[in-house]
Amino acid sequence: MLEIKNLHAKVDGREILNGLDLTIPAGEVHAIMGPNGSGKSTLSYVLAGKDDYEVTDGSVTWKGEDLLAMEPDERAAAGVFLAFQYPMEIPGVATMTFLRSAVNAVRKARGEEEYSTPDFLRTVKEKAKDLKIDMEMLRRPLNVGFSGGEKKRNEILQMSLLEPGLCILDETDSGLDIDALRIVSDGVNALRSPERCMLVITHYQRLLNHIVPDRVHVLSKGRVARSGGPELALELEKSGYADYGDEATAA
Amino acid sequence: MDLSVQQFRSEAEQALLDLYERSVDALPGDASVAALRQSAIWTYAGLGLPHRRVEAWKYTDLRAAIAEIPPLLAESDAPVEDTAFEAALGKAFAQLPAYRVVLVAGAVRTELSDVQGLRDAGVEFGALAQMLESPPEWLMASLDTASACGDDVLIALNTALMTGGVALRLPEGVTLQKPIHLIHLDGADAPGSVYTRNVLVTEDGASATVLESFGTLGRAGVQRNAVTTVSLGAKSAIHHIKLQREALETIHLNAWVANVGADARYNAFQVSMGAALARNQVSVRFVGKDAATDISGATLARGKQHCDTTLVVEHDVPACESRELFKLVLDDEARGVFQGKIVVARDAQKTDGKQMSQALLLSETAEFDSKPELEIYADDVVCGHGATSGQIDEDLLFYLRARGLPEAQARALLIQAFVGETFEALDDEAIGDAFAAVSADWLGAPAE
């Protein structure tokens, strides 16, 4: 479903991704682990289409199409969703207004009919309830004054409303306490389906107890250094990233 | 007229004197009003049109901007269709529930106005032109308020040439349930000048929301000079709101002058999006203790539009609070000016004054000039000011686009959000929504 071949990318003139290969078949959840600076977040931004990330070589094919040729909003319409590590705060935009604009923009681009107001509200209400999101929170400006957990739950709400085919979770576990982690993980697991694949980026194994991956890849110096089953995450938890060029751990 | 006061006069400066000479006999008012006019035109003759070496007009050279002086626009009784209101003000403002008063060339169009409703609600209402023929004492006092603005040429010209407008007085304790909407609609096939003066007075404990909107009727823009004086009695409140959406040929000169009594609140809110050149002055003077003012608003400008907002707050007495927040969205070669002066007199201890102006520059060639001026003669005060200018945050833009919003829509949403923060100063939700709608129109995006 997602096929990344020999991906090289630069940020500010520095090469961060250095020949990365990764294939995720439909229905599978793959985890990317690795030390700080190994290129995990860069990979997520390159896939979502952020401007300052320059792809110098390689290809990314999504459902047979050249993902790198698409604008960020076209990628969203094509089903790519990035749950941000640090969701943006936008004062002056009510969360509900934002959700509705996003959902309708994506539906329009997919050739689907836009939601009517009552239908949209009903859908949001249902999904928000599962994520224990108060409707009052959705009337507030987007992410402004939200706690870390609220922001991440809001990301998962957006993910479930936009019905993506590729879910990229960038350090979704960072800043979450154990209860919030469970709510967020349940929300993600509920979206697992044979038509959907997921890329879960995390520094720690903890998240993978809740979202159990089909495959685990260890990223080092901008490429996949090792791949394995879920047991690889447990092994890393014990040994650390010392073998993968993390100087902090090695020292 | 004696030309000796000023050495050099531009053609337009001379033409203004000629316009006064030609029109003076037909201008409304009794002998006391005529004396005010005479004194005001002398003030103007001595100063001429302000230019960039006049500090208060540093960034807006009116003498350079005005090349011609068109004749005073004649009153008209031509019908005004509902669609004309929508075209001029936008649907939301055209349909806003309010006591509506429509002014064309300064004259009240009673058939389009709800004067009876105002009077039933307890408001003293009169067309200025008629009231000037035998002005009551409170009206003369208000006209004097403006005359007291000494060397303000904009106001002096208005006093000399005012032909219309309205006078509104709220007797003690009267509170209106609906806003008063003064609609200034002007325009003609040929250029014209319009000088209007509105007078608002709230007696002790009275309160009202007064919305003034400015739009263009027909094709050509006008040279507009509109002044409103406001007198607030003790414990009274006025929310004074303005929408300026005039045609691009318009020169829009506007001054609000408010005297605020003890425990009173004067809130001014202005959104400017039209006219080639706009100068918006708001001067607030505290004359009683424990009063407050909030002056805020937004400017939306593109092309070669020039929009100047100049505020003066005079803390003459102790324990008053002033808040200022203006946001400017400037595209193409537009130029936005914000000048904010806060004067704290020696006796005005416990003054609390804050000022902020923020510009969002959408192009490399847009320009924002900000000039705060704090003159503080008291020692126990809290006063602060700030100004920022910046571009659209690329990270926010990416976030929205990653959620599927096409670039243009994402940009519009961010600009709306930037401007929308000022709308929070409005208590009235319907008016806030109406501003959101007209600013969305301006951005070319559908309103949510």
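Please read these numbers as outputs of a predicted model, since none were measured by experiment.

## Some thoughts on the overall build of chain A
In terms of regular secondary structure, chain A is built from ten helices and twelve strands. In terms of overall dimensions, chain A has C-alpha extents of about 55 × 40 × 35 Å along its principal axes. For chain A, contacts bridging at least 24 residues in sequence account for 71% of all contacts bridging at least 6.

## Topic: the pairing of strand β5 (residues 180–186) of chain B
Residues and elements named next belong to chain B. Counting buried positions along β5 yields seven of seven residues, so the element is predominantly enclosed. Side chains Ile-180, Leu-182, His-184 and Asp-186 of β5 all project onto a buried face; the interleaved residues His-181, Ile-183 and Leu-185 project onto the opposite face, where all are buried too. As paired strands, strand β1 (residues 99–104) and β5 are joined by five bridges and run parallel to one another. Looking at β5, one finds that Val-102 is bridged to Ile-183. Relative to strand β7 (residues 207–216), β5 is paired through seven bridges, and the arrangement is parallel. Bridge pairing in β7 links His-184 to Phe-214.

## Observations regarding the interface of chain A and chain B
Taken together, the contact pairs 22 residues of chain A with 19 residues of chain B. For the side of chain A that touches chain B, the elements supplying multiple residues, two or more each, are α2 (72–77), β7 (90–94), α3 (95–109) and α6 (148–162) of chain A. Among the elements that line the side of chain A that touches chain B, the one with the most residues is α3 of chain A, at six residues. Grouping the amino acids of the side of chain A that touches chain B by side-chain chemistry returns 15 nonpolar, four polar and three charged.

## What about the domain arrangement of chain B?
Residues and elements named next belong to chain B. What the domain assignment lists for chain B is domain 1 (67–392) and domain 2 (393–448). Taking only C-alpha atoms into account, the centre of domain 1 sits 25 Å from that of domain 2. In this assembly, 26 residues from domain 1 lie in contact with 23 residues from domain 2. Among the elements of the structure, α5 (91–94), β7, β9 (237–245), β11 (265–272), β13 (292–301) and β15 (321–330) are those that each provide at least two residues to the side of domain 1 that touches domain 2.

## Let's talk about the sheet that holds strand β16 (residues 335–344) of chain B
Strands belonging to one sheet form pairs held by backbone hydrogen bonds; the direction of such a pair is parallel or antiparallel. Residue and element names in this part refer to chain B. What the nine strands build is an open sheet, ordered β3-β4-β6-β8-β10-β12-β14-β16-β18; its pairing is mixed. The sheet is open, and its two borders are formed by β3 (124–127) and β18 (367–376), each paired with just one other strand. Taking the axes of each pair of neighbouring strands and ignoring which way they run, one obtains an average angle of 5° across the sheet. As judged from the four bridges shared by strand β4 (residues 166–170) and strand β6 (residues 193–202), these two strands associate in the parallel manner. The residue of β6 that forms the bridge with Arg-169 is Val-201. Along the sheet face, helix α8 (residues 137–147) touches β4, β6, β8 (223–232) and β10 (251–260) and points at about 120° away from the line of β8. Its contacts with the sheet put helix α9 (residues 153–161) on β6, β8, β10 and β12 (277–286), and the angle it makes with β8 is roughly 95°.

## Digging into unusual backbone geometry
Of all residues except glycine, most have a negative phi; of all peptide bonds, most are trans. All names here are of chain B. Despite not being glycine, Lys-235 shows a phi value in the positive range, around 55°. By secondary structure assignment, the location of Lys-235 is in the loop between β8 and β9. Assessed through the 21 C-beta atoms surrounding it within 10 Å, Lys-235 is described here as buried. Positioned with a positive phi, Ala-275 is a non-glycine residue whose angle comes to about 70°.

## Considering the sheet that holds strand β4 (residues 53–62) of chain A
Residues and elements named next belong to chain A. Across the sheet, four strands lie side by side as β2-β1-β4-β5; this open sheet has antiparallel pairing. The outermost strands of the open sheet, each flanked by one partner alone, are β2 (14–24) and β5 (65–66). Inspection of the sheet shows β4 paired to β5 by two bridges, in the antiparallel sense. Bridging from a neighbouring strand, Thr-61 pairs with Asp-66 of β5.

## Remarks on the nonpolar core
One finds Phe-81 and Ile-168 of chain A together with Ile-180 of chain B to be the most contacted residues of the largest nonpolar core, which totals 212 residues. For this core, the element with the most residues is helix α11 (residues 407–423) of chain B, which contributes eight residues. Looking at which domains feed residues into this core, each of domain 1 (67–392) and domain 2 (393–448) of chain B supplies at least three. The residues touching Phe-81 of chain A, leaving out its near neighbours within four places in the chain, are Ala-76, Met-159, Leu-162, Pro-164, Leu-166, Cys-167 and Ile-168 of chain A.

Parameters at a glance
- Residues numbered from 1 in each chain as written.
- Chains lettered and ligands numbered in written order.
- Predicted model: local features only at pLDDT ≥ 70, side-chain atom pairs only at ≥ 80, totals over all residues.
- Helix = DSSP H or I, 4+ residues; strand = E, 2+ residues; numbered from the N terminus.
- Contact = placed C-beta atoms within 7 Å.
- Buried ≥ 20, exposed ≤ 12 C-beta atoms within 10 Å, placed from the backbone.
- Pairing = 2+ DSSP bridges.
- Nonpolar A, V, L, I, M, F, W, Y, C, P; charged D, E, K, R; others polar.
- Domains from an automatic or database assignment.
- Axes fitted to C-alpha atoms, helices over the stretch in contact; angles between N-to-C directions.
- Core = buried A, V, L, I, M, F, W, Y, C linked by C-beta atoms within 7 Å.

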